[in-house]
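# An overview of the molecular structure
Chain by chain, the residues:
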Amino acid sequence: MEPGSENVKAVRRSKEEKKLLRKQIKASHTLLKHEGISTVSQPTKSLVVANGGLGNGVSREQLQDVLGEVGEVETLVMPPHKPYALVTYRSEVSAQRGHALNGRQLQCGDQIVTLYLSYINTVDSELWGGVDLPPGLVLVEEFVSPEEEALLLDAIDWTSHDEDVTVQKVLKHRRVKHFGYEFRYDNNNVDKDKPLPGGLPQVCVPVLERCVRDRHAEVMPDQLTVNQYQSGQGIPPHVDTHSAFEDLILSLSLGAKTVMDFRHPEGRSVAVMLPGRSLLVMKGESRYLWTHGITPRKFDVVPACDPKSPAAVTSDLSNHSNLTLSRRGTRTSLTFRKVRRTPCDCGYPSACDSQQPTAPPSPPSLPRSQTDACRLEAEFVHRVYEEIACHFSSTRHSPWPRVCHFLSSLEPGSILADVGCGNGKYLGVNPEVIAVGCDRSSALLQICSERGFQAFVSDALNVPLRSDTCDACISIAVIHHLSTQKRRQAVVEELVRLLRPGGRALIYVWAVEQEYNKQKSKYLKETREQGPTGDSTDHSNQESKSLTGNATDAHNTAQDLSGIATDCTKVHRESPAKLSVHTNRTAFNSQDLLVPWHLKGGGRGGCNQGRGGDEQGEQGSKNTLDPPTEAQAPVPNTAPSPVFHRYYHVFQKGELEELCVKVRGVTIQRSYHDQGNWCVILEKTGDR
């Protein structure tokens, strides 16, 4: 045999091997593009297992059995709802054997999953970062014994229909039973003058006495709602009606475990696993401000249970090295509350029905005239930015890369107009151009002035600059605040008027399509996905949301600040007559809507406040303000956070281009999608 001929044979591959290699390389490219995971060619102790994630329906036990066939696994990380896993072996030799598992197929339910493994340098330690529970939320595991659980379940007689003692209903997604007082779903409240005979079941008394003794409760509850959920059932996100019940809510989980999702109005979310026989205690902010709900699905991502260690089952879903899939079973929840006798005076008036006007103001309608449009924009755009200017500016200090690229491409000495410049973050990107900005907000322009930028107060519809004077104009996140197509087109015409022939304009508007080419914008990425891939949640089948009511595990409605129900499963291309309030960090349900801004600290635009949380995926944005010195340390502000609503028209694919081609004397050089925004670059031809 000739020297080296053995090596030549080693690299020859069959058609099947070549096909497998192509798919492995494609999987590596997909992981890099969508997840930022870089693979390497040289052997290491760690591998990424594409298609081997919880999001593909692969359970931890299945994957561990396969990976363990070739060597001892040191760690196995399975991020929730992701289509991959990360494994580290004890030795590099074992990892090489693991790498040879490429193409291994697993039977997951009714589908076959093919695994593709690639080497990676290390497993990111950030995957073990913990997530704090909402303030005021406490989970007590194994609060009742198995014997007590059996007694409580036996005491709930679903066959009885004695309306004199209890009220039993079968809702679309669960069945419920009320004791003490009936919770009425027609008005999301209780009739405080009509208690149900018999009070709470006697079997509950020892459990409630223990709650008081253990200081989970100060007084005995007088209302109980029992919910029974079958596999695949859930309850929409909601907040319990403030005026109906006191601060404390106790929810006892019996039977199967489930995952309850808590969500702050700003978009932060926390998934909490509720084991069977556990007690969930909600007080303060977690009760009054955060919504809670259960996504209808048949599998949950839960901590893996080591049979040798029963205590391994915890509520912590942030430890990605210990997660698996769990099929849901029948769960019964007992939710105990105390009926409120006086109006609620909690510290969260924006979410409190007791502290809202008796007749909630009607949400604004889409404008039908120029006067209507001016009034809408004055109230829900201009006034809002004046109020939130400092807070807004503190979240807007990282220029977007592709806007910077456009600005950096301008010739030295070019004249640039930033129409709608905000706090001026783009005015200093290219110091070699002559940049001037304008904005409707005098408060934001004050910030520009303090930063040494040239800017003046002006409406985007009528900029007091001479025609044909600018080499470039930018309009970033401005035109979507105009409430009619005619006014939006007028802004484009004004930009073109300012340009000299050959000058260019860059326009960014918020997009309906926050997920484009299978990539989610950073706006959506800031929330954790609910449910494995392919496990869709059909919100259209959930109970309708109320205008002013809200509920708990026992209720089926969600509070909407505008009094408009939202359904975020699909975009209605024709906007409703009334504007709805958008739920931050979710897909859009309408093109014309109001987006909440939660002002931090309860004051009007304090300049050292944190992120209010809204649109546009602020790229790379982190609050980099210097921490206060001891002398400057802020006084804790316990005042509730005001909520403002800004009008937006989010653009469909092609809509911005269609708007621009109606303007004479311009050509579209380029259009693209950038982090949840539609963008165009126009050039003025001079033929006007």
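Please refer to the structure higher up on the page.
Residues numbered from 1 in each chain as written. Predicted model: local features only at pLDDT ≥ 70, side-chain atom pairs only at ≥ 80, totals over all residues. Heavy atoms only, no water.

## Quick look at the sheet that holds strand 26 (residues 499-510)
Note the following rule: Think of it this way: DSSP has to see at least two bridges between two strands before they count as a pair. Runs of E in the DSSP output that reach at least two residues are strands. Runs of H or I that reach at least four are helices, and both are numbered from the N terminus. Convention adopted: a line fitted to C-alpha atoms gives each axis, helices being fitted over their contacting stretch, and angles between N-to-C directions are expressed from 0 to 180 degrees. The contact criterion used is simple: two residues touch if any of their non-hydrogen atoms lie within 4.5 Å.
Read from one edge of the open sheet, 7 strands run 24-23-22-25-26-33-32, paired in mixed fashion. Two strands lie at the open edges of the sheet, namely strand 24 (455-457) and strand 32 (666-674), each paired on one side alone. Ignoring which end each strand starts from, the neighbouring axes of this sheet average 15° apart. Pairing geometry for strand 32 and strand 33 (residues 677-684), over 8 bridges, is antiparallel. When the sheet's bridge partners are listed, serine 671 is paired in strand 33 with valine 680. Running over the sheet, helix 10 (residues 442-450) touches strand 23 (434-439) and strand 24 and is turned about 165° from strand 24. Contacts between helix 11 (residues 485-498) and the sheet are confined to strand 22 (415-419), strand 25 (470-476), strand 26, strand 32 and strand 33, with strand 26 contributing the most and set at about 150° to the helix.

## Here's the deal with the packing of helix 8 (residues 370-394) against helix 10
Threshold: Under the convention adopted here, Pro, Cys and the residues Ala, Val, Leu, Ile, Met, Phe, Trp and Tyr are nonpolar, Asp, Glu, Lys and Arg are charged, and Gly plus all remaining residues are polar.
Running from N to C, helix 8 and helix 10 point in directions that differ by 35°, and their axes come no closer than 7 Å. Where helix 8 approaches helix 10, its residues Tyr385, Glu386, Ala389, Cys390, Phe392 and Ser393 are matched on the opposing element by Ser442, Ala443, Leu444 and Ile447. Counted by class, the contact of helix 8 with helix 10 contains 7 nonpolar, 2 polar and 1 charged residues.

## Details of the sheet that holds strand 31 (residues 643-649)
Reading across the sheet, the 3 strands line up as 29-30-31 and stay open at both edges, with mixed pairing between neighbours. Each edge of the open sheet carries a strand with a single partner, namely strand 29 (580-581) and strand 31. Where strand 29 lies against strand 30 (residues 592-598), 2 bridges are found, and the strand directions are parallel. Residue valine 581 lies in a different strand from strand 30, and its bridge partner there is leucine 594.

## So, the pattern of salt bridges
Put simply, the test is: Any carboxyl oxygen of Asp or Glu within 4 Å of a side-chain nitrogen of Lys or Arg constitutes a salt bridge here. Classification of residues uses two cut-offs on accessible area relative to the type maximum, computed with a 1.4 Å probe and protein chains only: under 20% is buried, over 50% is exposed, and between them is partly exposed.
Counted by the stated rule, this structure contains 18 salt bridges. Two residues, glutamate 246 and arginine 340, come together in a salt bridge whose shortest N-O distance is 3.4 Å. Of this pair, glutamate 246 sits in strand 14 (residues 245-255) while arginine 340 sits in the loop between strand 21 (331-339) and helix 8, and the two are 94 residues apart along the sequence. For arginine 340, a relative accessible area of 4% puts it in the buried group. The partner of glutamate 387 in a salt bridge is arginine 383, with the nearest N and O atoms 4.0 Å apart. Here glutamate 387 pairs with arginine 383, and both are found in helix 8, just 4 residues apart, close to one helical turn. When its relative accessible area of 24% is taken as the criterion, glutamate 387 is described as partly exposed. Put simply, Glu72, Glu74 and Arg90 are held in one network by salt bridges that share partners.

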